[in-house]
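Structure at a glance
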Amino acid sequence: MARIPLRYAFHIMQTQRLYVDPHQPDPAAIAVAAAAITGGQLVAFPTETVYGLGANALDPAAVERIFTAKQRPGTDPLIVHLATASHLDRVVQEIPAVVQGLAERFWPGPLTIVLHRGQGVAPNVSAGRSTVAVRVPAHPVAHALLVACNLPIAAPSANLFSRISPTTAQHVLDDLDGRIAVVLDGGPTTIGLESTVVDLTQASPVLLRPGGVPAELLFDLLPDLHVPAAPVIAAEGEAAAAPGTLLKHYAPRAAVVVLRGNAVAARALAQAILDLLHHAGKRVGLLVPDEEFPLYAELHTEVVGMGPSADLLAVARYLFARLRELDSSGVDVILAREVAAGGLGTAIRDRLFRAAEGKILDVDAPTDLAGWLARLLLDNSTPR
Ligand code: TXA
Ligand code: MG
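For the structure given in this document, a descriptive report is provided here. Quick caveat: nothing in here was measured; it's all calculated off a predicted structure.

1. Points about the sheet that holds strand E12 (residues 284-288)
If you walk across this open sheet you meet the five strands as E13-E12-E14-E11-E15, and the pairing is parallel. Edge positions in the open sheet fall to strand E13 (302-305) and strand E15 (360-362), since each of these has one partner strand only. Here the average twist between neighbouring strands, direction ignored, is 25 degrees. As defined by bridge partners, strand E11 (residues 255-260) adjoins strand E14 (residues 333-337) across five bridges and the pair is classed as parallel.

2. Focus on the site of ligand 1
As a structural note, the neighbourhood of ligand 1 is formed by 25 residues, with Thr 49, Arg 72, His 81, Ser 195 and Arg 209 the closest of them. Contact distances for ligand 1 include 2.5 Å between an oxygen atom and a side-chain N or O atom of Ser 195. A total of 680 Å² of accessible area belongs to ligand 1 in isolation, and the protein chains cover 96% of it. When contributions to the shell around ligand 1 are tallied by element, the ones reaching two or more residues are strand E4 (79-81), strand E6 (131-135) and strand E10 (206-209). The leading source of residues in the shell around ligand 1 is E6, at four residues. Looking at the shell around ligand 1 residue by residue, the classes come out as 12 nonpolar, seven polar and six charged.

3. Brief notes about the pattern of salt bridges
Under the counting rule described, the total for this entry stands at 13 salt bridges. Note that Glu 48 and Arg 135 form a salt bridge whose closest N and O atoms lie 2.8 Å from each other. Here Arg 135 lies in strand E6 and Glu 48 lies in the loop between strand E2 (43-46) and strand E3 (51-56), a separation of 87 residues in the sequence. Residues Glu 48 and Arg 135 agree in their burial class; the two are buried. We note a salt bridge from Arg 283 to Glu 302, for which the minimum N-O separation is 4.0 Å. Of this pair, Arg 283 sits in the loop between helix H6 (263-279) and E12 while Glu 302 sits in strand E13, and the two are 19 residues apart along the sequence. By relative accessible area, which is 31% here, Glu 302 ends up partly exposed. Where salt bridges share partners, they join Glu 194, Asp 350, Arg 351 and Arg 354 into one cluster.

4. A few points about the packing of helix H7 (residues 312-328) against helix H8 (residues 344-355)
The contact between H7 and H8 brings their axes to 9 Å, and the two run at 15 degrees. Between H7 and H8, the angle falls in the class roughly parallel. Considering how the two elements wind past one another, H7 and H8 form a crossing that is left-handed. Contacts from Leu 312, Leu 313, Val 315, Ala 316, Leu 319, Phe 320 and Leu 323 of H7 reach H8 at Leu 344, Gly 345, Ile 348, Arg 351, Leu 352 and Ala 355. Counted by class, the contact of H7 with H8 contains 11 nonpolar, one polar and one charged residues.

5. Side note on the pairing of E3
Counting buried positions along E3 yields six of six residues, so the element is predominantly enclosed. Note: E2 against E3, four bridges, orientation antiparallel. Each bridged residue has a counterpart across the sheet, and for Val 43 the counterpart in E3 is Gly 54. Turn length for the E2-E3 hairpin, with the two strands adjacent in sequence and antiparallel, is four residues. In the sheet, E3 pairs with strand E7 (residues 153-154) via two bridges, with the strands oriented antiparallel. Of the residues in E7, the one forming a bridge with Asn 56 is Ile 153.

Procedures and definitions
- Residues numbered from 1 in each chain as written.
- Chains lettered and ligands numbered in written order.
- Predicted model: local features only at pLDDT ≥ 70, side-chain atom pairs only at ≥ 80, totals over all residues.
- Heavy atoms only, no water.
- Pairing = 2+ DSSP bridges.
- Helix = DSSP H or I, 4+ residues; strand = E, 2+ residues; numbered from the N terminus.
- Axes fitted to C-alpha atoms, helices over the stretch in contact; angles between N-to-C directions.
- Near = heavy atom within 4 Å.
- Polar contact = N/O pair within 3.5 Å; in protein donor to acceptor, adjacent residues only side chain to side chain.
- Areas by Shrake-Rupley, 256 points an atom, 1.4 Å probe, with all protein chains shown as cover.
- Nonpolar A, V, L, I, M, F, W, Y, C, P; charged D, E, K, R; others polar.
- Salt bridge = Lys/Arg side-chain N within 4 Å of Asp/Glu carboxyl O.
- Buried < 20%, exposed > 50% of the residue type's maximum accessible area, 1.4 Å probe, protein only.
- Parallel < 35°, antiparallel > 145°, perpendicular 65-115°, else oblique.
- Left-handed = near helix turned anticlockwise from the far one by under 90°.
- Contact = heavy atoms within 4.5 Å.

Functional significance is not addressed by these values, which are geometric in nature.
In structure tokens, the structure reads:
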């Protein structure tokens, strides 16, 4: 058999898709995945938030493969996943008293805590910084994998860098087929948005990313938690100072625009945008809360319901899948209605805002729509 040059190896790798019961995963499948992790390979697995792309967090070469497979810049640090909070001392230097309470209340679950990195963790996990982000996932498949390999697993979301996070194994394969060893297919994830990230290594705690645990629930234990009023946006070169806050994140191929304000005015503006863009030969898709759906019945274009805005759990669960669905339908522009802030709404708004790369149209304020859209489609700048 002809020898294959090593540098091409991951392009031709056969990704093994192993179906597992999300509640009671088959130990044989878990053993295959655990052997891949122990052997330095990459395994995608479901967590309760999104699918993660895992590697042995103690092995720098394995961790490096995550960055390569995802085409993720080495400056963006990864989250380390543990089977139980009692393994924290394997990956961090010291455990502040408040972590005990946070762990009891929110672990296993969608809360990630940034602490001072311990000796054994591969430095590239945290992109060379002295801190490490840690969480104990609640999904039985993630838990079984962590127990079977008895290692901390570094895992970012299992998507190509700056694309939408995967909430199904098919999403993972759409981005990473042939680039990873195994995907454990445990069906769709339940929360649908990534974990909340809090940094406990600064003078007072800072919310780095809104997510599955609403910040409102953290104030009991972290009364001085600093919550940025608006999404924190880092410019392209600034990623190292504020990891994970790059504007171009969660971006579909289509241009996304968030429509803010009154439902009836939004419907009228959507019609005007549609007319202008259809004229230019462009296709438009809409993502609207279910209760606004009837308003759009006569609109001749793709309209997808995001779930009832009174049920933010449902909106969060399917948001990324619906964005992917609209994106793969081939539309050029996606108009997405904004949801109210508060609870999970804050995280949903954050992800939509990033998918839109900051492009928000206030439907109640007058706009030079034609000029705005021309800039949007022509030079891909960020018109406001
Ligand atoms: O729900 C989740 O958190 C999923 C599942 C797989 O656990 N993981 C995930 O990972 O979303 P990722 O890499 O896509 O996002 C991790 C976030 C990024 O914003 C990253 O910059 C931040 O956590 N982060 C990781 N380590 C950090 C550190 N040491 N200091 C500051 N931020 C950190
Ligand atoms: Mg991610």
